[in-house]
Amino acid sequence: MKQKKYLPYVLILPTFIFVTVFTVWPTFLSLYKSFFKQRLNIARFREPVFYGIKNYTQLFQNPEFINVLKNTLIYVLGTVPLTVLAAFIFAQMLNNKFKGIGYFRLAFFHPSIIPMVSAATIWMFFLTPDYGLFNSALTFLGYSGPQNWTANPNLALFAVMIIAFWKNAGYYMIFYLAGLQNLPTNIYEAARLDGAGYLRTTFAITLPLLKRSTLFISTIAFISAFQTIDHIFVLTKGGPSGRSTVLLYYLWQTRFENLNIGKASTITVILIVTLLAFTLSNIMLSEKKEPNNE
Amino acid sequence: MSRKNIKHIFLFLIILIVALLWITPVIWSFVASLRPLSEPMGRGDVWFGHRLSLGSYIKAFSLAPFGRYYLNTLILVTMVLSVQLVTVTLAAFAFAHYKFKGQRLIFTYILLQMMIPTTALLVPNFSTIRILGIYDTILAIGIPYFGSAFGVFLLRQAFLSIPRALVDAGVMDGCSWWQLVRHIYVPSAIPTFTAFAISSISWHWNEFLWPLIITKSDTARPLTAGLVRFTQLGEIGAQWSLLSAATMLVIFPLLIAFLLFQRKFIQGFLHSGLK
Amino acid sequence: MKKTLIMFLLLTLVVTGGLFANGKKETAPAASAAPAAVKKAEPVSFEIYYPVAVDAPIAKILNGYIKDFQAQYPNITVKPVFSGGYGDVKTAVQTTFEGGGKAPAMAVMLATDLYDLINSDYIVPLDSLLSTIPDKTAYLNDIFPSFLQNSKYDGKIWSLPFQRSAVVMYYNKDLFKAAGLTAPDSWDSLAADAQKLTIKGKRWGIEWPSGWPYWLFQPLAIGAGQNIIGDSDTTVYFNNPKVIDAVKFYISLSKKYHATPAGVQGSWGAAPTNFAKGSTAMIVHSTGSLTGIIKQANFDVGVMPIPGKVKGTYASVPGGGNFYILKGTPKAEQEAALKFAYFVTQPKYAADFSTKTGYIAVRKSAYNEPEMKAYLAKVPQAADTRDVLKYAGKELSLQNLGQVRNIFHKYLQAAYNGTMTPEAAMAQAQKEADASLKDFK
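If you're wondering where the values come from, they're calculated on a predicted model, not measured in any experiment. (Residues numbered from 1 in each chain as written. Chains lettered and ligands numbered in written order. Predicted model: local features only at pLDDT ≥ 70, side-chain atom pairs only at ≥ 80, totals over all residues.)

Is there a simple way to explain the overall build of chain B in this structure?
Helices and strands together make up the secondary structure of chain B, namely 14 helices and zero strands. N-terminal to C-terminal, the α/β element order of chain B is α-α-α-α-α-α-α-α-α-α-α-α-α-α. The globule rule puts the C-alpha radius of gyration for 275 residues at 19 Å, and the 24 Å found for chain B is more than 25% above it. For chain B, the spread of C-alpha atoms along the three principal axes comes to 75 × 70 × 25 Å. When each of the 275 residues of chain B is scored for burial, the buried share is 50%. Sequence separation of at least 24 residues holds for 74% of the intrachain contacts in chain B that already meet a minimum separation of 6. (Helix = DSSP H or I, 4+ residues; strand = E, 2+ residues; numbered from the N terminus. Rg over C-alpha atoms; globule rule 2.2 N^0.38 Å. Buried ≥ 20, exposed ≤ 12 C-beta atoms within 10 Å, placed from the backbone. Contact = placed C-beta atoms within 7 Å.)

In structure tokens:
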């Protein structure tokens, strides 16, 4: 392989080009534009005017934006760990052999086939106050709180989180299931002979062996939590009173409702930095523990 | 009855209850889709109407070209995945197999794509699509995803976990780089390929915002963007049965496909990995 | 696995092959059409972006009109592009302009988008184009004035009303009769009636959706004596005592009279069917839902404007979309587009559109068309939807609409939900709205 020094570069080139054109270049463009004031709906600011870092300082002084960051944090930290945990539990439950197991897998997996827009529509219906089944079920279980899920300031964000949870848990479950089925059975035999209980086996054997699956799943879960706002579009439009507005939805509003390009670029940059922080730490943690990688 | 049996029945019951909870939204939606359009749901009347009706399905079909949307979505996910499989395999192989100058830097550079949501780059990417002259085509929906950092990342990890001895043996035998990829790397990473394929298909099947913006006509729109006309309530209230019918039209074929192939699907993960 | 892979590759080949074949197919007719059209004087073809929800088979209706239009003007080809909703059309127009693409000659967008569209330099004034039509003055005078309110700016006309609606109150006449009530004519009687018609756990007296609240709130403010928007394009009246009164009245319907669900009501979608099912005695909604309600209700449906604070006063506010002509398109296309807009707003078509969709016909004379008269005989409520226009104030439309509306929504909902007092909420809304409008003065 030494006579073809250029080969690895050639092999990487297609990926490199696509990443450059559709990710890196537009990112730099956003970074550049974040230093300008440009508002399409004000005639004198239609062309960009240099603005320094004022877009950034204004955003971080704006309580509305702080609120958006808070919502985002609640959304991501509330959905990702819970969804991944549920996925693991479901996979454990369904990693059995009995008749009709396929139907059960389908029961948990089917929401991931449904596009988020449709899932949100189904849930809009499901959450309807008065006669929606969600409320009927809760009432049956003794719940007597407010029923207006999408319009109640304390419930709206929670409602969209439930949908994300419902939609994704089964999806991540499949990856765990695949991981579980790839585990060597002889370790479990040995553990059983040692008298290890279910919980000990899970924590001492299953989870460590599924570390790679967990990394994979949590990475896609994080990314999709930041990227998916379709259900917010359909259900709450960020409301009531901005209580369910997350970063990407705020970006959309700033860009397409308020026509504020400079600020939207700034939010893009902030969003990117946040995501970089999240995923980089996730990846670095895993790389560190596998010294034989390089 | 042995203790083990009781435990199994208990487990079965728990799974059954959770599974029932999980499918309720879709089942209810399905029931709603069969209600006649003239009989809306209301308090105390949430299941079947006086008769079953396919009226909502017929109306849904008349309001949007579902066949076209299906074809478009199918073309989209197949196109994206097949291009990705090529670009991703080549890049991952290069990163896993060779040592070259700037390797780490280039790898990090490519990983950027994994952390920056394409959704956030909607507007600058739109201009690029315009410059390329492919606005309102299926290609335009897919092209930003032709390179996949996520895939490169995953596959590189899988490739790295292949015993070096196996690779070295191949090199000793005088395998060309392509033969190494074809006979050693790819076969050992099938589960990863499968996982990546599922995640790619699922992502592009579900994507909504980007196709909505980058297409304007039904000839290029996938299901998600096409469905918009049903999910926006517009001036009138929701016609749950119609909305439900449209949703069912989108999800049925896939649900059935998964039901039919789920055993192969899961076992594909299992066996190919243990070869 | 190998087999699957081969199958997969084959499929890919077939699919990508199909893709290219498609591309060819699409360019072919355009090429062959060109020489044929040369014979005609000046062939013009233009695009129109049109929003379609599931309200009605809009695409089918529009395509019918386009056929009629092209029969009359054989040299003009209209190419409609149907998108999801108003938001999609606006976004499509925006991205087209910013991406440097070719904009359509015409688009139907919200009447209230006026200022954003002017400031962004997307649209052209219609005055000079309108002078090409024979009966310009008569034409404009025949359009309901409330619908033209959001078309005028800077002494020019920027859009032509087409797909228009208004806020109305639907009430269940049978229930009113059974309870010995007549239609409410003031806030007090509205609240009293709603309270009487409420059966706890079974039926609400009234539902008043507020998930996207400004539109259905405006009749309350107007009814209190102060609209939230005036003639100025940079002034709002959120903290006016009368507007605060309106907020308080909305809250009292649940707090004091227990006649409507508490807090923000995210029931835009469900309200019409709730009403048709008899699980609510009144709803405030769009005229657009009339057709659906009539079809589903098995009782006598009443339609009226929203009662005002003072006995005998009423209020409403218009809504819906207008035709806009977009900048950067060739003059010939713009002229053809205007011809089309004029064509489909002829009384005959305005009447046809109204009877088929439930939107209010934009022209007065449309109500003299025989087709319309026959329809009104069958659905007398359709005349009521037109008549509320007499009481209609101006729909919220001003500079920086998106941001101002978001601010208003935020604090109005905070007041509805009781997280802020109406006074504090409206004061804060006013403060933030004023700040956001500073750049526009």
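Mind showing me how you'd approach the overall build of chain C here?
If you tally the helices and strands in chain C, you get 19 helices and 12 strands. The buried share of chain C, reckoned over its 441 residues, is 53%. In chain C, the share of contacts with a sequence separation of at least 24, taken over all contacts with a separation of at least 6, comes to 74%.

What's the story with the environment of Gly-358 of chain C in this structure? I'm lost.
Structurally, the position occupied by Gly-358 of chain C is in the loop between helix H15 (347–357) and helix H16 (370–378). Separated by 194 residues in sequence, Gly-358 of chain C and Arg-164 of chain C place their C-alpha atoms 9.4 Å apart.

Would you explain the interface of chain B and chain A in this entry?
Contact with chain B, which involves 74 residues of that partner, is made by 67 residues of chain A. Mapped by element, the contributors of at least two residues to the side of chain B that touches chain A are helix H1 (3–33), helix H3 (66–97), helix H4 (103–115), helix H5 (122–132), helix H7 (149–160), helix H10 (190–206), helix H12 (223–226) and helix H14 (240–274) of chain B. Considering every element that reaches the side of chain B that touches chain A, the biggest residue donor is H14 of chain B, with 16 residues. Partitioning the side of chain B that touches chain A into residue classes produces 54 nonpolar, 18 polar and two charged. (Nonpolar A, V, L, I, M, F, W, Y, C, P; charged D, E, K, R; others polar.)

Where do I start with the environment of Phe-196 of chain B in this structure?
Residue and element names in this part refer to chain B. With respect to the helices and strands, the residue Phe-196 is situated in helix H10. Sequence separation between Phe-196 and Gln-84 is 112 residues; the distance between their C-alpha atoms is 9.8 Å. When sequence neighbours within four positions are dropped, the list of residues in contact with Phe-196 reads Gly-151, Leu-154 and Leu-155.

I keep staring at the domain arrangement of chain B and nothing clicks. Help me out?
By a widely used convention, the size of an interface equals the accessible area lost when the partners come together. Under the domain assignment used here, chain B contains domain 1 (3–59) and domain 2 (65–226). Taking only C-alpha atoms, the centre of domain 1 of chain B and the centre of domain 2 of chain B are 37 Å apart. (Domains from an automatic or database assignment.)

Would you explain the domain arrangement of chain C in this entry?
Residues and elements named next belong to chain C. Here the domain parsing of chain C yields domain 1 (42–164 + 320–390) and domain 2 (166–318 + 397–440). Here the C-alpha centroids of domain 1 and domain 2 sit 28 Å apart. Each partner contributes to the interface: domain 1 provides 20 residues, whereas domain 2 provides 18 residues. Listed by contribution, the elements that provide at least two residues to the side of domain 1 that touches domain 2 are helix H4 (114–119), helix H7 (145–148) and helix H17 (381–387). In terms of residue count, H17 provides more of the side of domain 1 that touches domain 2 than any other element does, four residues in total. Broken down by class, the residue content of the side of domain 1 that touches domain 2 amounts to nine nonpolar, seven polar and four charged.

Mind showing me how you'd approach the nonpolar core here?
A general feature of soluble globular proteins is that nonpolar side chains tend to end up buried together. Met-173 and Tyr-176 of chain A together with Met-106 of chain C are the most contacted members of the largest nonpolar core, which totals 301 residues. Counting residues per element, this core draws most heavily on helix H7 (residues 156–181) of chain A, at 18 residues. For Met-173 of chain A, the residues in contact, after removing those within four places along its chain, are Ala-87, Phe-90, Ala-91, Phe-108 and Phe-109 of chain A. (Core = buried A, V, L, I, M, F, W, Y, C linked by C-beta atoms within 7 Å.)

Just checking my understanding: could you explain the packing of helix H4 (residues 101–113) of chain A against H1 of chain B for this structure?
Any two packed helices are characterised by how steeply their axes cross, that is the angle between the axes, and by the distance between the axes. Across the interface, H4 of chain A lies against H1 of chain B with an axial gap of 9 Å and an inter-helix angle of 40 degrees. Taken together, H4 of chain A and H1 of chain B sit at an angle that is classed as oblique. Between H4 of chain A and H1 of chain B lies a crossing of left-handed hand. When H4 of chain A is examined against H1 of chain B, the residues Phe-104, Ala-107, Phe-108 and His-110 of chain A are found in contact with a partner set consisting of Ile-15, Ala-19, Trp-22, Ile-23 and Val-26 of chain B. Of the residues that constitute the contact of H4 of chain A with H1 of chain B, the class distribution is eight nonpolar, one polar and no charged. (Axes fitted to C-alpha atoms, helices over the stretch in contact; angles between N-to-C directions. Parallel < 35°, antiparallel > 145°, perpendicular 65-115°, else oblique. Left-handed = near helix turned anticlockwise from the far one by under 90°.)

Honestly, unusual backbone geometry in this entry has me stumped. Any pointers?
Excluding glycine, residues mostly have negative phi values, and the peptide bonds linking residues are mostly trans. All names here are of chain A. One non-glycine residue, Lys-237, lies in the positive phi region at around 50 degrees. Here Lys-237 falls in the partly exposed class, since 19 other C-beta atoms lie within 10 Å of it. In the Ramachandran plot, Ser-241 falls in the positive-phi region, its phi being about 50 degrees despite a non-glycine side chain.

Sorry, what's going on with the confidence of the model for chain C here?
Do not read the fine detail of predicted coordinates wherever pLDDT is low. All names here are of chain C. With 89% of its residues at a pLDDT of 70 or more, chain C has an overall mean of 87. Across chain C, strand E10 (residues 306–307) holds the top mean pLDDT of 97, while helix H1 (residues 2–38) sits lowest at 40. Note that pLDDT drops below 50 for residues 1–39; the model gives that stretch 12 contacts with residues more than four away or on any other chain. As a predicted assembly, this complex carries a pTM of 0.84 together with an ipTM value of 0.84. (pLDDT = per-residue confidence, 0-100.)

Sorry if this is basic, but what is going on with helix H1 (residues 7–33) of chain A here?
Because the α-helix completes a turn every 3.6 residues, residues three or four places apart line up on one side. All names here are of chain A. With 27 residues, H1 should reach 39 Å at 1.5 Å per residue; the first-to-last C-alpha distance of 37 Å fits that figure. Of all bends in H1, the biggest is about 45 degrees, found at Thr-20. Of all the positions in H1, only Pro-8, Leu-11, Ile-12, Thr-15, Phe-18, Val-19, Phe-22, Thr-23, Pro-26, Ser-30 and Lys-33 are classed as buried. (Expected span 1.5 Å × (residues − 1). Bend = angle between axes of the 7 residues up to and from the residue.)

Please clarify how helix H10 (residues 211–227) of chain A should be interpreted in this entry.
Residues and elements named next belong to chain A. End to end, H10 covers 24 Å across 17 residues, agreeing with the expected 24 Å (1.5 Å per residue, within 8%). Within H10, 12 of the 17 residues are buried, which leaves it mostly tucked inside the rest of the structure. Three or more residues of H10 are buried, namely Ser-213, Thr-214, Phe-216, Ile-217, Thr-219, Ile-220, Ala-221, Phe-222, Ile-223, Ser-224, Ala-225 and Phe-226.

Explain the pairing of strand E12 (residues 318–325) of chain C here, please?
Along a regular strand, successive side chains alternate from one face of the sheet to the other. Residue and element names in this part refer to chain C. With eight of its eight residues buried, E12 lies for the most part within the structure. Relative to E12, strand E3 (residues 106–110) runs antiparallel, the two sharing five bridges. By the bridge assignment for E12, Ala-107 is matched with Tyr-324. Note that strand E6 (residues 160–172) and E12 share six bridges and pair antiparallel. Bridged to Pro-161 within E12 is Asn-322. (Pairing = 2+ DSSP bridges.)

When you look at the packing of helix H11 (residues 241–255) of chain C against helix H18 (residues 401–416) of chain C in this model, what are you seeing that I'm missing?
Residues and elements named next belong to chain C. At a closest axis distance of 9 Å, the pairing of H11 and H18 adopts a crossing angle of 45 degrees. One way to sum up the angle between H11 and H18 is to call them oblique. Here H11 and H18 pass one another in a crossing that is right-handed. Contacts between H11 and H18 involve Val-247, Tyr-250 and Ile-251 from the first element and Leu-412, Ala-415 and Tyr-416 from the second. Within the contact of H11 with H18, the residues separate by chemical class into six nonpolar, no polar and no charged.

What is the right way to read the environment of Ile-360 of chain C from this model?
Residue and element names in this part refer to chain C. Inspection of the secondary structure assignment puts Ile-360 in the loop between H15 and H16. The sequence separation of Ile-360 and Thr-77 amounts to 283 residues, and the corresponding C-alpha distance is 28 Å. The residues contacting Ile-360, other than those within four sequence positions of it, are Arg-164, Ser-165, Ala-166, Thr-287, Ser-354, Thr-385 and Arg-386.

Help me understand the confidence of the model for chain B, please; the structure alone is not making it clear to me.
Of all residues in chain B, 91% have pLDDT values of 70 or greater, and the mean over the chain is 83. Long-range and interchain partners of residues 270–275 of chain B, a stretch whose pLDDT sits below 50, account for nine contacts in this model, where long-range means more than four residues apart.

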